[in-house]
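Residue-level structural notes
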Amino acid sequence: MAKGRKAPRRGASRAQPAARRKGIPGWLWLVSGLVIGLFVAFLFQLEPGHDNVKRSPPPPKPATTPAKPAPAQQPTYDFYTLLPESEVVVPQNTGKVEPPATPAEPDKADDSVRYYLQAGSFKQQADADKVRAQILLLGMDVHLESAKLNDGQTWHRVQVGPFKDKSSLAQAQSTLSGNGFQNLLPQQRTQ
């Protein structure tokens, strides 16, 4: 073996001469850097404060345009001005408690006055009979009353009652409204 050479290590490949790498030439790097630098300098020149970048003012509108009427001024509400205006002064309590008024003698019901509830008014008697049957199932006294109008039409009214006083009328009204009868018309008749 030759004395100047070392024996190759085990598992190592033999050294090959370095192949010349082909890369980007230096002059191309120089030109691309110069172009990028000029572009950045151009962007700094376009800064918004310069006069050469500003837009020209829009042309004035022609004077022949008719003037628009001024819009009606809407009211403005300010909480702090409206609140003192709506202040309510409450009288001071003197501390004296007045005894409740003694209940007066209950009004004696006039035997000649009767109260009724009109539960509906129908053109067709069959519709009036249906409502009458529903109210009869509630256990109330009900009857039909026919009325002829001036134009010759006949309407059939469903009347609930008679009631002797207003409290029984109110109780019947609440019972009927609780069962779906909404348009109740109280009536007062003398006999």
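Residues numbered from 1 in each chain as written. Predicted model: local features only at pLDDT ≥ 70, side-chain atom pairs only at ≥ 80, totals over all residues. Heavy atoms only, no water.

**Let's talk about the overall build of the chain**
- Each helix and strand in the chain was counted, giving 4 helices and 4 strands.
- Secondary structure elements of the chain, listed N to C terminal, follow the sequence α-α-β-α-β-β-α-β.
- Burial status across the chain gives 13% buried among its 191 residues.
- Carbon and sulfur atoms make up 57% of the accessible area of the chain, which totals about 17,900 Å². (Helix = DSSP H or I, 4+ residues; strand = E, 2+ residues; numbered from the N terminus. Buried < 20%, exposed > 50% of the residue type's maximum accessible area, 1.4 Å probe, protein only. Areas by Shrake-Rupley, 256 points an atom, 1.4 Å probe, with all protein chains shown as cover.)

**Quick word on helix 4 (residues 166–178)**
- Spanning 13 residues, helix 4 covers 18 Å between terminal C-alpha atoms, matching the ideal 18 Å at 1.5 Å per step.
- Within helix 4 the residues assigned to the buried category are Leu169, Ala172 and Leu176. Buried residues of helix 4 fall within an arc of 65 degrees about the axis and therefore sit on the same side. Facing away from the buried side of helix 4 by more than 90 degrees, the exposed set consists of Gln171 and Gly178.
- Of the residues trailing helix 4, glycine 180 is marked for its positive phi of about 100 degrees. (Expected span 1.5 Å × (residues − 1). Arc of directions from axis to C-beta.)

**What to know about helix 1 (residues 26–45)**
- Helix length check: helix 1, at 20 residues, gives a terminal C-alpha distance of 29 Å against a target of 28 Å (1.5 Å per residue), a fit within 8%.
- Among the 20 residues of helix 1, 0 are classified as buried, and the element is accordingly described as predominantly exposed.

**Points about the nonpolar core**
- Core analysis: the largest hydrophobic core is formed by 16 residues, its most contacted members being Leu117, Ile135, Met140, Val158, Val160, Phe163 and Leu176.
- Mapped onto this core, the elements with two or more residues apiece are strand 1 (113–122), helix 3 (125–137), strand 3 (154–163) and helix 4.
- Element by element, the count of residues in this core is highest for strand 1, at 4 residues. (Core = buried A, V, L, I, M, F, W, Y, C linked by side-chain atoms within 4.5 Å.)

**Points about the pattern of salt bridges**
- All told, the structure shown has 1 salt bridge when counted by the stated rule.
- As a salt-bridge pair, arginine 157 and glutamate 145 come within 3.3 Å of each other at their nearest N and O atoms. Residue arginine 157 is found in strand 3, and its partner glutamate 145 is found in strand 2 (residues 142–148); the two are separated by 12 residues along the sequence. (Salt bridge = Lys/Arg side-chain N within 4 Å of Asp/Glu carboxyl O.)

**Quick notes on the pairing of strand 2**
- In this sheet, strand 3 lies alongside strand 2 in antiparallel orientation, the contact comprising 7 bridges. Pairing of lysine 148 across the sheet is with threonine 154, part of strand 3.
- In this antiparallel pair of consecutive strands, strand 2 and strand 3, the connection spans 5 residues, and glycine 152 shows a positive phi of 90 degrees. (Pairing = 2+ DSSP bridges.)

**Let's talk about the side chain of histidine 156**
- For histidine 156, the location among the structural elements is in strand 3.
- Among the polar contacts listed, one links the side chain of histidine 156 to the side chain of serine 146, at a separation of 3.0 Å. (Polar contact = N/O pair within 3.5 Å; in protein donor to acceptor, adjacent residues only side chain to side chain.)

**Things to note about the confidence of the model for the chain**
- On average, residues of the chain score 75 in pLDDT, and 61% of them are at 70 or above.
- Mean pLDDT per element in the chain: helix 2 (residues 79–85) is the minimum at 68, and helix 1 is the maximum at 92. (pLDDT = per-residue confidence, 0-100.)

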